[in-house]
2 protein chains.
Amino acid sequence: MTVLKLPTRRDLREAASRIAPYAHRTPHMSSRAIDALVGAEIVFKCENLQRAGAFKFRGACNAVLSLDEASATRGVITHSSGNHAGALALAAQIRGIEACIVMPEDASRVKIAAVRAYGARIEFCASTQAAREATVARLQQEHPRTLVHPYDDPRVIAGQGTAALELLQEFSDLDILIAPVGGGGLLAGTALAAGTAPATAVYGAEPLAADDAKRSLAAGHIIAVDRPTTIADGLRTCVGEHNFAIMRQHVRDILTVSEAAIVAAMRLIWERMKLVVEPSGAVPLAALLEHGPPPGAKRIGAILSGGNIDLNSLPWSAADEA
Amino acid sequence: MTVLKLPTRRDLREAASRIAPYAHRTPHMSSRAIDALVGAEIVFKCENLQRAGAFKFRGACNAVLSLDEASATRGVITHSSGNHAGALALAAQIRGIEACIVMPEDASRVKIAAVRAYGARIEFCASTQAAREATVARLQQEHPRTLVHPYDDPRVIAGQGTAALELLQEFSDLDILIAPVGGGGLLAGTALAAGTAPATAVYGAEPLAADDAKRSLAAGHIIAVDRPTTIADGLRTCVGEHNFAIMRQHVRDILTVSEAAIVAAMRLIWERMKLVVEPSGAVPLAALLEHGPPPGAKRIGAILSGGNIDLNSLPWSAADEA
């Protein structure tokens with residue numbers, strides 16, 4: 001069994017200082033109407049307003065700025081069809097190093113354009129996990145770059161945790177913090193941040209259709225869900241090892257939500273808060289609406305994780321009415 | 001010729017104090033990507049994040065809180081299918097008085113629900129200006145309430161100007177301020193606010209299809225456009241008399257925009273800023289994109305006026321691609 005080197009609260013604070021000149025200190029927002037529906041006060045940490053449109057920039061930026069000069073000079077590489085792709089490309093551009101992003105050939109045109117605009121090199125591959133990993137391996141043989149994993153990496157976890165750290169600096173009296181969980185970078189980082197506020201319990205939220213985190217915590221070891229189909233495209237990934245180890249120690253529970261609840265929560269945030277949020281970012285509110293707030297949770301911090309969504313394919317039709 | 005009693009900068013400052021306990025001091029936001037496209041720095045005043053989803057709450061709140069006790073006791077009345085309806089209903093709820101809103105029977109269900117949620121009484125009428133006015137007149141005979149006009153009212157104009165006042169308090173060095181113009185409450189209020197910053201020129205922006213403000217300023221008297229068809233539903237109204245008198249004194253120019261530019265600007269704000277903005281609120285950015293910034297305008301303040309839009313009928317299809 002490998003001994004994992006887990007990030008600490010000190011790593012989190014260092015990450016916060018490291019990324020401060022580049023990342024936005026995102027605002028928090030609330031909605032009286034949503035509070036009334038949930039029956040609790042919720043402050044949303046608006047990571048959809050983060051650079052590159054998601055919290056992912058925090059972790060990528062921390063990882064890239066942490067590299068020693070020799071590793072940085074070799075450039076960075078990752079595979080991602082999602083928010084980590086743009087985040088790493090932007091972080092590399094800021095440090096002035098080369099980024100190579102392996103993207104599936106069916107990635108959205110908007111996301112491809114964003115990665116390109118940040119000056120990264122894109123290598124396309126077939127749309128399977130095996131093809132992605134094989135492509136990275138081939139490219140690494142040609143030219144060894146530093147792999148920056150999207151979530152299973154202590155520097156990335158520490159970076160993601162800075163969002164909750166900021167929220168807790170402004171609201172030290174939260175009863176719970178709730179974050180979506182896919183690979184677990186955000187949730188593990190949030191759990192570490194909450195270590196600074198012992199009265200705050202940490203919950204994860206994930207689609208019922210991709211409930212690997214819930215199952216894994218119950219079983220005591222990582223259980224993957226085979227090819228989950230959920231609208232929350234950021235949460236299809238299986239929990240990483242570092243992430244799981246932190247979650248086991250610090251996460252109270254995982255709440256699972258239906259697909260309908262995700263769409264309804266997302267629509268509520270658009271209509272009531274006037275914020276463009278992607279399905280994954282609406283999953284914590286979906287959990288609060290579907291299950292009610294956890295016992296005793298009157299003041300809730302929720303991480304609104306990102307806002308990158310294709311406006312051409314919204315998950316409601318003219319037949320729906322709010 | 002009637003002598004109009006126009007609001008002054010003092011009225012604006014009084015409005016700001018009066019509404020401060022109830023209205024949000026909305027945030028301002030920027031986008032590097034949009035700045036690069038326009039070729040100037042733009043700070044957007046986010047009135048889509050105002051209570052009831054638009055700047056309209058400022059004017060309605062100032063008008064309702066300005067009423068003497070006797071007038072307030074009689075309740076308020078208006079006709080509106082748009083943002084003023086919800087804004088007046090909320091303002092009346094805050095003061096604890098009755099509001100009666102005359103709405104066309106084809107008003108959107110979302111807006112009807114909002115007015116109802118704020119506790120106002122709704123009277124439906126046919127969807128013509130004549131029917132609206134006749135319905136208000138009939139109701140006034142039954143029970144005389146105080147009419148709060150959506151824009152042609154000094155208290156409303158003073159309230160709307162507080163948005164620009166807040167922006168100028170944070171950015172005293174803006175070269176220009178630009179606001180959408182329909183009835184002219186927001187633009188006239190913005191022009192009065194800019195009186196506190198003499199180096200800041202004020203521009204209006206309106207759809208080419210509803211260019212009554214542009215024509216009226218050129219002619220020196222109000223010229224209505226007959227039933228304009230524009231996606232910017234908040235800007236179909238004709239400029240009011242008080243509004244026009246202020247605009248003649250203080251507005252540098254009106255920029256007109258195509259319908260395509262409005263949709264493109266709106267989409268840019270959704271995609272790049274992750275903000276839900278209604279078509280009318282995107283008109284200033286549309287003007288900057290279509291005409292370029294006015295000569296010498298390097299630092300621009302733009303009022304992003306509102307975010308109330310029916311998510312079931314967005315003005316783009318799956319065939320579009322950004």
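Remember, it's a predicted structure, so these values are computed and weren't measured experimentally.

Caption draft 1: How the structure looks around the overall build of chain A. What chain A contains, in helices and strands, is 14 helices and 10 strands. Against the compact-globule benchmark of 20 Å for 322 residues, chain A has a radius of gyration of 18 Å, which places it among compact chains. Taken over the C-alpha atoms alone, chain A extends approximately 55 × 45 × 40 Å along its principal axes. Residues classed as buried in chain A amount to 57% of the 322 residues present. At a minimum sequence separation of 6, the contacts of chain A that also span at least 24 residues come to 72%. Surface accessibility of chain A: about 12,700 Å² in total, with carbon and sulfur atoms responsible for 51%. Distance from the positive charge centre (32 side chains) to the negative charge centre (33 side chains) of chain A: 4 Å.

Caption draft 2: Main features of the sheet that holds strand 4 (residues 99–104) of chain B. Residue and element names in this part refer to chain B. Ordered by their spatial adjacency, four strands build an open sheet running 5-4-3-6, and the pairing between neighbours is parallel. Both edges of this open sheet fall to strand 5 (121–125) and strand 6 (146–147), since each of them pairs with a single strand only. Of the pairings in the sheet, the one linking strand 3 (residues 76–79) to strand 4 comprises four bridges and is parallel in character. The residue of strand 4 that forms the bridge with Ile 77 is Cys 100. Across the sheet, helix 5 (residues 83–95) is in contact with strand 3 and strand 4; its angle to strand 4 comes to roughly 165°.

Caption draft 3: Seen up close, the relation of the copies chain A and chain B. Expressed as a screw operation, the relation of chain A to chain B combines 0.0 Å of axial shift with a rotation of 180°, fitting to an RMSD of 0.0 Å. Such a turn and shift between the copies fits a two-fold axis. Minimal C-alpha separation from the rotation axis in chain A is found for Leu 275 of chain A, amounting to 2.4 Å. Taken as a fraction of all interface residues of chain A, those also at the interface in chain B reach 100%, which identifies the copy contact as same-surface.

Caption draft 4: Structural view of the packing of aromatic side chains. This model, assessed by the stated rule, comprises one aromatic pair over all chains. Ring geometry for Trp 270 of chain A against Trp 270 of chain B: centres 5.6 Å apart, planes inclined by 70°, an arrangement best described as edge-to-face. Here Trp 270 of chain B lies in helix 13 (residues 259–273) and Trp 270 of chain A lies in helix 13 (residues 259–273), a pairing that spans two chains. Judged by relative accessible area, which is 0%, Trp 270 of chain B ranks as buried.

Caption draft 5: How the structure looks around the interface of chain A and chain B. Listed as interface residues are 26 residues of chain A and, on the opposing side, 26 residues of chain B. Summing the contributions of chain A and of chain B, the shared interface buries around 2,300 Å²; its carbon and sulfur component is 54%. Summed over the shared surface of chain A and chain B, the result is zero salt bridges. Inspection of the region where chain A meets chain B yields eight residue pairs in polar contact (both at pLDDT 80 or more). Looking at the side of chain A that touches chain B, the elements that each hand over two or more residues are helix 6 (109–117) and helix 13 of chain A. Counted by class, the side of chain A that touches chain B contains 11 nonpolar, seven polar and eight charged residues.

Caption draft 6: Fine view of the confidence of the model for chain A. Averaged over all residues, the pLDDT of chain A equals 94, while 98% of them reach at least 70. For this predicted complex, the interface score ipTM comes out at 0.93, while the overall pTM is 0.94.

Caption draft 7: Molecular detail of the packing of helix 1 (residues 9–19) of chain B against helix 3 (residues 56–66) of chain B. All names here are of chain B. The geometry of helix 1 relative to helix 3 is characterised by a closest axis approach of 9 Å and an angle of 90° between their N-to-C directions. Regarding the angle of helix 1 to helix 3, the classification is roughly perpendicular. Contacts between helix 1 and helix 3 involve Ala 15, Arg 18 and Ile 19 from the first element and Arg 58, Cys 61, Asn 62, Leu 65 and Ser 66 from the second. In terms of residue class, the contact of helix 1 with helix 3 is made up of four nonpolar, two polar and two charged.

Caption draft 8: Structural detail: the pairing of strand 4 of chain B. Residue and element names in this part refer to chain B. Of all six residues in strand 4, six are buried, a share of seventy percent or more. Residue alternation in strand 4 divides its side chains into two sets, Ala 99, Ile 101 and Met 103 and Cys 100, Val 102 and Pro 104, and both sets are buried. Of the pairings in the sheet, the one linking strand 4 to strand 5 comprises five bridges and is parallel in character. Residue Pro 104 lies in a different strand from strand 5, and its bridge partner there is Cys 125. Regarding the hand of the β-α-β motif, the stretch spanning strand 4, helix 6 (residues 109–117) and strand 5 is right-handed.

Caption draft 9: Just unusual backbone geometry, in detail. Residue and element names in this part refer to chain A. Phi is positive for Arg 227, which is not a glycine, with a value near 40°. Mapped onto the fold, Arg 227 is located in the loop between helix 11 (212–219) and helix 12 (241–250). We classify Arg 227 as exposed; its relative accessible area is 73%.

Caption draft 10: Representation of the state of the cysteines in the model. Residue and element names in this part refer to chain A. What the rule picks out here adds up to zero disulfides over all chains. Free of any disulfide, Cys 125 has its nearest cysteine sulfur in Cys 100, 11 Å distant. Overall, Cys 125 belongs to the buried group, its relative accessible area being 5%.

Caption draft 11: Local environment of the pattern of salt bridges. All names here are of chain A. The full count for this structure, using the stated rule, is 32 salt bridges over all chains. Put simply, Glu 98 and Arg 145 hold a salt bridge, and the shortest N to O gap is 3.4 Å. Note that Glu 98 is positioned in the loop between helix 5 (83–95) and strand 4 (99–104) and Arg 145 in the loop between helix 7 (129–142) and strand 6 (146–147), a separation of 47 residues in sequence. Overall, Glu 98 belongs to the partly exposed group, its relative accessible area being 44%. Look at Arg 145 and you get buried, because its relative accessible area is 6%. Through salt bridges with shared partners, one network takes in Lys 45, Glu 47, Arg 58 and Glu 166.

Basis of the calculations
- Residues numbered from 1 in each chain as written.
- Chains lettered and ligands numbered in written order.
- Predicted model: local features only at pLDDT ≥ 70, side-chain atom pairs only at ≥ 80, totals over all residues.
- Heavy atoms only, no water.
- Helix = DSSP H or I, 4+ residues; strand = E, 2+ residues; numbered from the N terminus.
- Rg over C-alpha atoms; globule rule 2.2 N^0.38 Å.
- Buried < 20%, exposed > 50% of the residue type's maximum accessible area, 1.4 Å probe, protein only.
- Contact = heavy atoms within 4.5 Å.
- Areas by Shrake-Rupley, 256 points an atom, 1.4 Å probe, with all protein chains shown as cover.
- Lys, Arg positive; Asp, Glu negative; His and termini not counted.
- Charge placed at Lys NZ, Arg CZ, Asp CG, Glu CD.
- Pairing = 2+ DSSP bridges.
- Axes fitted to C-alpha atoms, helices over the stretch in contact; angles between N-to-C directions.
- Least-squares fit on C-alpha atoms with pLDDT ≥ 70 in both.
- Phe/Tyr/Trp six-rings, centres within 6.5 Å; stacked < 30°, edge-to-face > 60°.
- Buried area = accessible area lost by both parts, 1.4 Å probe.
- Salt bridge = Lys/Arg side-chain N within 4 Å of Asp/Glu carboxyl O.
- Polar contact = N/O pair within 3.5 Å; in protein donor to acceptor, adjacent residues only side chain to side chain.
- Nonpolar A, V, L, I, M, F, W, Y, C, P; charged D, E, K, R; others polar.
- pLDDT = per-residue confidence, 0-100.
- Parallel < 35°, antiparallel > 145°, perpendicular 65-115°, else oblique.
- Right-handed = clockwise from strand over helix to strand, strands pointing away.
- Disulfide = S-S within 2.5 Å.

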